[in-house]
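# Commentary on secondary and tertiary structure
If you want the building blocks of each chain, they are given just below.
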Amino acid sequence: MAYIHESDRQYILGKYHKLDGTFDSHNRFIRNDEYFDSSTGMDGDALVANLLLQDEQIAGQPHAIRKAKAFAYVLKHTRINCDAHDRFPHINAMDRPINKALIKRWKAEVLDEIIPEVGQKRRCMEKDGVATIWPDFDHIVPDWDRVFELGFSGLLHESEQAKNLLSQTHDLSETEIAFFDSVAISYQAIFDLIRRLANQAGKVSGCMRMSAALERLIDHAPQTFYEALLLDYLLFILCEHIEGIQVRSLGNLDRLLYPLYKRDLEYGVSKEELCTDLAHFFMQFTAIGNYWNQPVYLGGCKADGTTEINPFSYVFLDVHNALGIYNPKIQIKVASNTPKDFLLKALDMIRHGNNSIVFVSDALLRRALMNAGASEEDARTCNVKGCYEYNINGGLDTGMNYVNFMKPLEYCLHEGCDGVTGKQSGLPCCRVEEYASFEQLFKEYKRQLLYMLDEVMDVVNRIEDYLEYINPQPVMSSTYITCLQHGKDCMCGGAKSNESNMACGFLADVADSLTIIYKYVFEQKRITLRELVTALDANFDGYEQLRLRLSNDRDKYGNNRELPDRIAKEIIDTSSSYVMGKPNARIRAGKWTCGYHVARMSYTQGKLTAASANGRRLGDELSKNVSASMGKNREGATAAILSATKLNADQFVGDAALDLGLLPSAVKGKDGLEAMYALLMTFINRGGQAMQINVFDADTLRKAQREPEKYQDLQIRVCGWNVLWNNIAKEEQDGFIRQAESLV
Amino acid sequence: MDALISDIKRFAVHDGDGIRTTLFLKGCTLRCVWCHNPEGISARPELAYYAERCLQCGVCAEVCPNGVHEFSDKGHALNRDLCLGCGKCEEECLGNALKLYGRKMDVDMLFPVLLEDEDFFRNSGGGVTVSGGEPLLHAEFVRELFEKLKKHSVNTAVDTCGHVPWDAFERVLPVTDLFLYDIKHIDSAMHKQLTGMGNERILENLQRLSECNKRIEIRMPFVPGCNSDDDTLHGIGAFLGKLNIERMRVLPYHDLARGKYAALNLIDTMPQVEAPTDELLAHAVEILHSHGVQAFSGRE
């Protein structure tokens, strides 16, 4: 069943960007001005120019007000459209005019003028591949429960009430007044925009239903399934593309939408009609085409312990599967009582190539959050966001840094200097001849590692003092009850939790390299540390036999081997216990958390990382998340799971995802599906955090590389999101082929 | 007690119930032309050499105590007769071009390896399968191993060609949960032609086994041109239909193992035929169904 007319599908696909040109989904700024009727407003360039003019007039006002006025300007003047082929309106702000006009400028001001020394340090760290740090507006989840319960008018009403209450306790400060005013200005603009959209829809034959639903959303919380989808979509566009903050979850949508879905069915709306609404909703995100994919999550547990999976959860998967899309991407919170048939449905999608799905452990998330001090209720209702990160609902946690754990090892082996640039970036330390034991070297590694973490935390803390200055968030903040209670923007400590997450990278490469040093240098004494470092410095040129020996050595993390797994765990324990709970930015007054997450850094930081003792050459791809190094999971899926679940992922609040590769032949048939289920549940029961699966074989991937035209639908899970095989670089494809070749 | 192990495969999904670890033992009583585990036939250790992966580095020659590896202008040559199966060359081979099939391992050595995936066994109803070669050539070893596994409540399965004395079955019966039992042809003369032996003992053992109240899955390598004709299928169906069989897996022939023959320096006997089509498989399954056999395609 298709759930959507082909012509509608094509219409939506062309709505956000032109289909004939090259579309760079990684660069998320998308233009399609020609698509709109010019009588409905200005084009993108005019908007930006006028925003700059308007902002000059009010330059002395707080950023919150300037931002809200810019927001209002865009909503009033941007082009809009409604079409009978589409159940959702279109607002021309896909290229984020406020980012261009204000946020970019304010960010540069902070990094270049207010704290230039921090900006400089940040650039250096990025250039050397030590850490990638940026002011993070990318990992935010609105409080969708409040959004669905209150609607826009209810949210504004609560803001007004909160302002009154607060003013009874004290005279509101200028910042508090600016915050509440910014919310009021933004909401007025939202109501005007929705009215404008409703009028526009009213003029188009075939859009009366959309028009009426939009009308109702001005004054009401959503009363129907379709209205709820519209609201979800509108808030997404308003926050992500206009306010300029990534909405990193569309919400726990099976739970949130089910009551309205059920009621619509009871009122006689057909299931087909509701599925078509859902298909149109999904296709918006497919068409927007965010490179990292748009997350939405399902499942979890109710307060009484029963599962949140409901009949609509199944419909959700069915429609997604039938569309054959990978964007939005789906996260499933798996508990021991998540219905097996639901998980089998998801696993069946995965083995048939629709693998834009990750399984996240409900129990592990709860334990980790509670270990870090969260209440039972907050832990139960936590959001899954981004790739597989999580935080308590109503919290605003950033994740603005990727740290390269290979660098401290380079420092250890080069007297504190970077192995590529030779720069003194680490702490001064001894010559390699002076390491008398492995323990001494490992101790030095940890000292260098903690120093690097301190350096990164310092840079991040200083930048995060200016998050609100760079990008205040009236609309997003208004969804958080605590922001209203405190009269404070979510960017400067108004949210329920205000944590900063350290994303630590390349666990397997570090563990494997240290294992090699342990075995070859100190235990078996086959080579001196100096000889090894000489080979590394030569990037193994002239040492190919040595490189192969080190690369082939079977003691690699991810294969349930005692030594590398123990070293990996020790690195995690050392880093997470050090980072967890450290204070973050003064203004945010939150804490640091710690996860093992690499995103695309395995490629980008890999290019800047020296040859390593595990036989990896300079510039080669590094390992992902808590998975084995590329192509080194020789003992297969069960061993990978055993290794990953030794890491005590409940001792830190952050992700520790396992990327699993499986052969199509292993997962065929009923046996194969049951085996996938058993792998998943063993992972969950043993305390794993998140698991994602690629089902592929090297032959098919090689064929797809040779004949891309025949594999235009082939999608691959990169690292928490999917892309089309044909859209990744050859070297990235080669990495996956190597991984597939090693599958047993 | 020990046995010669040719390989251990973890996450074996189609060798019995659930997720299993399959232990391959060396030595076989049949010589099936299509054999896809030719490394299991001989009861001696064998060194496989994948020439295309060889880096010609000569490390194997340096570590071999018996002069198996020789390097000359013509490249890398192997004196296989001199190999005693120590495995040193495999360990040192930089190109992964060498693989030793056949390491002596005793039950105590194997036990922790086989139990590594115990959690997965428990969550999937899986366990350990012994295969080969013909594992019942090592019936006493299998019994000792399975007794130990049973004490840990691990599910056990034997994958057998059936061509062993009944006594071998009797030894493992009390500690085996599932038998994976091969049927290759119903006509004894044809069976002899294709496997080197007649099928009388195989059919008789199966008949006796089916009276022992043990779970049996029949496995039939389905090889076009060898045993794919309707008469053969009807014959097999009629025989099995009278027995106490749980299910039957029809395994479509493929020649992925051809490379192994060359690597082991064995004469390639694999039929030069295409893998059966889905339609042909479905047809075979239908014939078997008509005799009341719960057959299904191994592709499903």
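For the structure itself, consult the block above.
These remarks concern the structure in this document. Just so it is clear, the model here is predicted, and its values are computed rather than measured.

Okay, the overall build of chain A next. For chain A, the helix and strand inventory stands at 29 helices and 15 strands. For chain A, the C-alpha radius of gyration of 26 Å lies close to 27 Å, the compact-globule estimate for 744 residues. Considering only C-alpha atoms, chain A reaches an extent of 80 × 60 × 50 Å along its principal axes. Counting all 744 residues of chain A, 65% fall into the buried class. Of the contacts formed within chain A by residues at least 6 apart in sequence, a portion of 76% connects residues at least 24 apart. Considering chain A, the positive charge centre built from 84 side chains and the negative charge centre built from 100 side chains are found 3 Å apart.

Now for the sheet that holds strand β3 (residues 131-133) of chain A. Residues and elements named next belong to chain A. Strand order in the open sheet made by the four strands is β3-β9-β10-β11, with mixed pairing throughout. Edge positions in the open sheet fall to β3 and β11 (592-596), since each of these has one partner strand only. Across the sheet, the mean angle separating the axes of adjacent strands is 25° when strand polarity is ignored. Sheet topology places strand β9 (residues 398-404) next to strand β10 (residues 500-505); five bridges connect them, and they run parallel. Within β10, the position partnered with tyrosine 402 by the bridge is alanine 503.

Our next topic: empty space enclosed by the protein. Residues and elements named next belong to chain A. Counted by the stated rule, this structure contains seven cavities of 30 Å³ or more. In this structure, the largest cavity encloses a volume near 230 Å³. Around the largest cavity, the lining comprises 22 residues; the ones closest to its centre are Ser627, Ala628, Asp659, Leu660 and Gln739. When residues of the lining of the largest cavity are traced back to their parent elements, those giving at least two are β12 (657-662), β13 (690-695) and α29 (730-741). Split into classes, the residues belonging to the lining of the largest cavity amount to nine nonpolar, nine polar and four charged.

Attention now goes to the interface of chain A and chain B. In this complex, chain A contributes 30 residues to the contact, which on the side of chain B involves 24 residues. The largest per-residue losses of area from chain A upon contact with chain B belong to A:Thr638, A:Lys668 and A:Asp671, which jointly make up 23% of the total buried on that side. On the surface where chain A and chain B come into contact, there are five salt bridges. In this structure, the salt-bridge partner of A:Glu635 is B:Arg10, at a minimum N-O distance of 3.6 Å. Along the contact surface separating chain A from chain B lie 10 residue pairs in polar contact (both at pLDDT 80 or more). Elements represented by at least two residues in the side of chain A that touches chain B include exactly α23 (544-552), α26 (636-644) and α27 (669-685) of chain A. Sort the elements by how many residues they give to the side of chain A that touches chain B and α27(A) lands first, with 10 residues. Its residues placed into classes, the side of chain A that touches chain B shows 12 nonpolar, 10 polar and eight charged.

This part takes up unusual backbone geometry. A:Asn327 connects to A:Pro328 through a cis peptide bond whose omega is 10°. With respect to the helices and strands, the residue A:Pro328 is situated in the loop between α12 (311-323) and β5 (329-334). That bond from B:Gly132 to B:Gly133 is cis: its omega, 10°, falls within 30 degrees of zero. Structurally, B:Gly133 is set in the loop between β8 (127-131) and α5 (139-151). Phi is positive for A:Phe540, which is not a glycine, with a value near 65°. On the basis of relative accessible area, A:Phe540 is assigned to the buried category, the value being 2%.

In this section: the pairing of strand β2 (residues 20-25) of chain B. All names here are of chain B. Across the six residues that make up β2, a large majority, six, are buried. Residues Arg20, Thr22 and Phe24 line one face of β2 and the alternating positions Thr21, Leu23 and Leu25 line the opposite face, and both faces are buried. One ladder, built from five bridges, connects strand β1 (residues 2-12) with β2; its direction is antiparallel. When the bridges of β2 are listed, isoleucine 5 appears paired with leucine 25. Here β2 pairs with β8 via five bridges, running parallel. If you follow arginine 20 over to β8, its bridge partner there is glycine 127.

Another aspect to go through is the pairing of strand β10 (residues 178-182) of chain B. All names here are of chain B. Counting buried residues in β10 gives five out of five residues, a clear majority hidden from the surface. Examined bridge by bridge, strand β9 (residues 155-160) and β10 share four bridges and lie parallel to one another. When the bridges of β10 are listed, alanine 157 appears paired with leucine 178. Between the parallel pair β9 and β10, the chain is carried across by helix α6 (residues 166-172), and the sense of this crossover is right-handed. In the sheet, β10 pairs with strand β11 (residues 215-222) via five bridges, with the strands oriented parallel. Bridge pairing links leucine 178 to arginine 215 in β11.

Residues and elements named next belong to chain A. With mixed pairing, five strands are arranged side by side in an open sheet as β4-β5-β6-β13-β12. Every interior strand has two partners, whereas the edge strands, β4 (295-299) and β12, have only one. Neighbour-to-neighbour, the strand axes of the sheet open up by a mean angle of 25°, direction not taken into account. In this sheet, β13 lies alongside strand β6 (residues 357-361) in antiparallel orientation, the contact comprising three bridges. Across the sheet, phenylalanine 359 pairs through a bridge with methionine 691, a residue of β13. Strands β4, β5, β6 and β13 of the sheet are contacted by helix α13 (residues 340-351), whose axis makes an angle of about 140° with β6.

Reading guide: rules and limits
- Residues numbered from 1 in each chain as written.
- Chains lettered and ligands numbered in written order.
- Predicted model: local features only at pLDDT ≥ 70, side-chain atom pairs only at ≥ 80, totals over all residues.
- Heavy atoms only, no water.
- Helix = DSSP H or I, 4+ residues; strand = E, 2+ residues; numbered from the N terminus.
- Rg over C-alpha atoms; globule rule 2.2 N^0.38 Å.
- Buried < 20%, exposed > 50% of the residue type's maximum accessible area, 1.4 Å probe, protein only.
- Contact = heavy atoms within 4.5 Å.
- Lys, Arg positive; Asp, Glu negative; His and termini not counted.
- Charge placed at Lys NZ, Arg CZ, Asp CG, Glu CD.
- Pairing = 2+ DSSP bridges.
- Axes fitted to C-alpha atoms, helices over the stretch in contact; angles between N-to-C directions.
- 1 Å grid on protein atoms, 1.4 Å probe; cavity = no way out; pocket = protein on both sides within 12 Å on 5 of 7 lines; lining within 4 Å.
- Points joined across faces, edges and corners; volume = space filled by probe spheres on them.
- Nonpolar A, V, L, I, M, F, W, Y, C, P; charged D, E, K, R; others polar.
- Buried area = accessible area lost by both parts, 1.4 Å probe.
- Salt bridge = Lys/Arg side-chain N within 4 Å of Asp/Glu carboxyl O.
- Polar contact = N/O pair within 3.5 Å; in protein donor to acceptor, adjacent residues only side chain to side chain.
- Right-handed = clockwise from strand over helix to strand, strands pointing away.

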